[in-house]
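Structural overview for review
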Amino acid sequence: MMNTVFTADWHAQISTRLDNFIATGTMVLDDVFDDNDLTALQQESGFITYKAAHLTHGERMANIRGDSIRWIDESCPAGMAYLASINALGRYFNQSLYTGIRHAEAHYACYPSGFGYQWHTDNPKGRDERVISAVFYLNDDWTDSDGGQITVIDKQGRTIQLLPKLGRLVIFDSNLLHQVEITHRQRFSIATWLRRDDGVL
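In what follows, the accompanying structure is described. Quick caveat: nothing in here was measured; it's all calculated off a predicted structure. Along each chain, residue indices are assigned from 1 in the same order as the chain's sequence is written. The predicted origin of the model limits local features to residues at a pLDDT of at least 70 and limits the giving and counting of side-chain atom pairs to 80 or more, whereas totals for whole chains, interfaces and linings rest on all residues. Water and hydrogen atoms were dropped before computing side-chain values, which therefore reflect all heavy atoms in the structure.

1. Thoughts on the overall build of the protein chain
A tally of regular secondary structure across the protein chain gives four helices and eleven strands. Along the first, second and third principal axes, the C-alpha set of the protein chain runs to 40 × 40 × 35 Å. Only protein chains enter the accessibility calculation, which uses a 1.4 Å probe. A residue is then buried if its area is under 20% of the maximum for its type, exposed if over 50%, and partly exposed in between. Taking all 201 residues of the protein chain together, 52% fall into the buried category. A sequence separation of at least 24 residues applies to 79% of the contacts in the protein chain between residues at least 6 apart. Reported accessibility uses the Shrake-Rupley method at a 1.4 Å probe radius. Residues are deemed covered only where the shown protein chains occlude them. For the protein chain, the exposed surface amounts to about 9,700 Å²; the carbon and sulfur share of it is 49%. Strands are runs of DSSP state E lasting at least 2 residues, helices are runs of H or I lasting at least 4, and numbering of each runs from the N terminus. Two residues form a contact once any of their heavy atoms are found within 4.5 Å.

2. Examining the sheet that holds strand β4 (residues 103-111)
Across the sheet, seven strands lie side by side as β1-β9-β6-β11-β4-β3-β2; this open sheet has antiparallel pairing. Here the strands that pair on one side only, and so sit at the sheet edges, are β1 (26-29) and β2 (51-52). Here strand β3 (residues 68-71) pairs with β4 via four bridges, running antiparallel. The residue of β4 that forms the bridge with Arg 70 is Tyr 108. Each axis is a line fitted through C-alpha atoms, taken for helices only over the stretch in contact, and angles between the N-to-C directions span 0 to 180 degrees. This element, helix α4 (residues 77-97), spans β1, β4, β6 (130-137), β9 (169-173) and β11 (187-195) of the sheet and lies at about 130° to β4. Strand pairing requires that DSSP identify at least two bridges connecting the strands.

3. With respect to the environment of Asp 173
Within the element layout of this structure, Asp 173 appears in strand β9. Classification of Asp 173 as buried rests on a relative accessible area of 18%. It is 8.7 Å that separates the C-alpha atoms of Asp 173 and Lys 155, two residues lying 18 residues apart in sequence. For Asp 173, the contacting residues outside a window of four places in its chain are Phe 21, Gly 25, Val 131 and Lys 155.

4. Some points on the pairing of β11
The element β11 is extensively covered by neighbouring structure, given that nine of its nine residues are classed as buried. Where burial is concerned, the two faces of β11 agree: the one with Arg 187, Ser 189, Ala 191, Trp 193 and Arg 195 and the one with Phe 188, Ile 190, Thr 192 and Leu 194 are both buried. Examined bridge by bridge, β4 and β11 share nine bridges and lie antiparallel to one another. Bridge pairing links Tyr 108 to Ile 190 in β11.

5. What about the pattern of salt bridges?
Whenever Lys or Arg places a side-chain nitrogen within 4 Å of a carboxyl oxygen from Asp or Glu, that contact is recorded as a salt bridge. A complete count under the given rule lists twelve salt bridges for this structure. Measuring nitrogen to oxygen at the nearest pair gives 2.7 Å for the salt bridge that ties Arg 168 to Asp 30. Of this pair, Arg 168 sits in the loop between β8 (159-162) and β9 while Asp 30 sits in the loop between β1 and α3 (35-47), placing them 138 residues apart in sequence. Taking relative accessible area as the criterion, Asp 30 reaches 30% and is therefore assigned partly exposed. Measuring nitrogen to oxygen at the nearest pair gives 2.7 Å for the salt bridge that ties Arg 65 to Asp 67. Under the relative-accessibility criterion, Asp 67 is labelled buried at 1%. One salt-bridge network, in which partners are shared between bridges, spans Glu 105, Arg 130, Arg 195 and Asp 197.

6. Examining unusual backbone geometry
Positive phi, close to 55°, is recorded for Asp 31, a residue that is not glycine. Within the secondary structure, Asp 31 sits in the loop between β1 and α3. Exposure remark for Asp 31: the relative accessible area of 59% places this residue in the exposed category.

Here's what the structure looks like:
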């Protein structure tokens with residue numbers, strides 16, 4: 001695998017957006033990592049073995065959630081380098097917003113054509129371990145007609161819809177309602193969460 005460093009200057013990318021993030025609970029960053037790092041993630045996402053994702057209570061209901069996933073661990077070196085940078089993002093949020101984030105987790109996700117993920121939040125009812133969610137996109141040459149957009153209802157009640165554009169990182173409050181629209185071609189991403197429970201950044 002090519003050398004991957006995933007250096008991101010989070011202060012430079014986020015500092016001028018913090019007030020808007022506080023107000024809306026959403027933020028979009030494009031071209032976060034360099035081309036080598038992006039290619040390493042694309043290659044890794046294409047070679048790993050995925051398993052069908054389930055809902056919180058353990059059921060597989062493809063009409064609600066149609067992705068397959070692979071949690072990032074030590075057998076995913078590019079993914080682990082990505083996760084290290086996301087942990088640095090968590091430290092930045094702790095310093096700037098006092099979020100109490102302690103660690104990050106992430107998995108690769110693959111949506112086949114014809115599937116999406118209906119409206120949900122990332123904290124099941126009665127839980128609040130996930131503070132900030134993020135999705136990083138790995139899809140070349142994505143267009144509106146390909147579908148697969150993420151739709152988020154922000155803190156002000158506005159509906160925001162975004163393309164899963166290559167190199168885009170969508171960041172949002174984990175308690176916001178969101179969904180993945182039906183995709184019309186195979187769609188790869190990394191679903192990511194910054195958490196306040198066990199683990200230390």
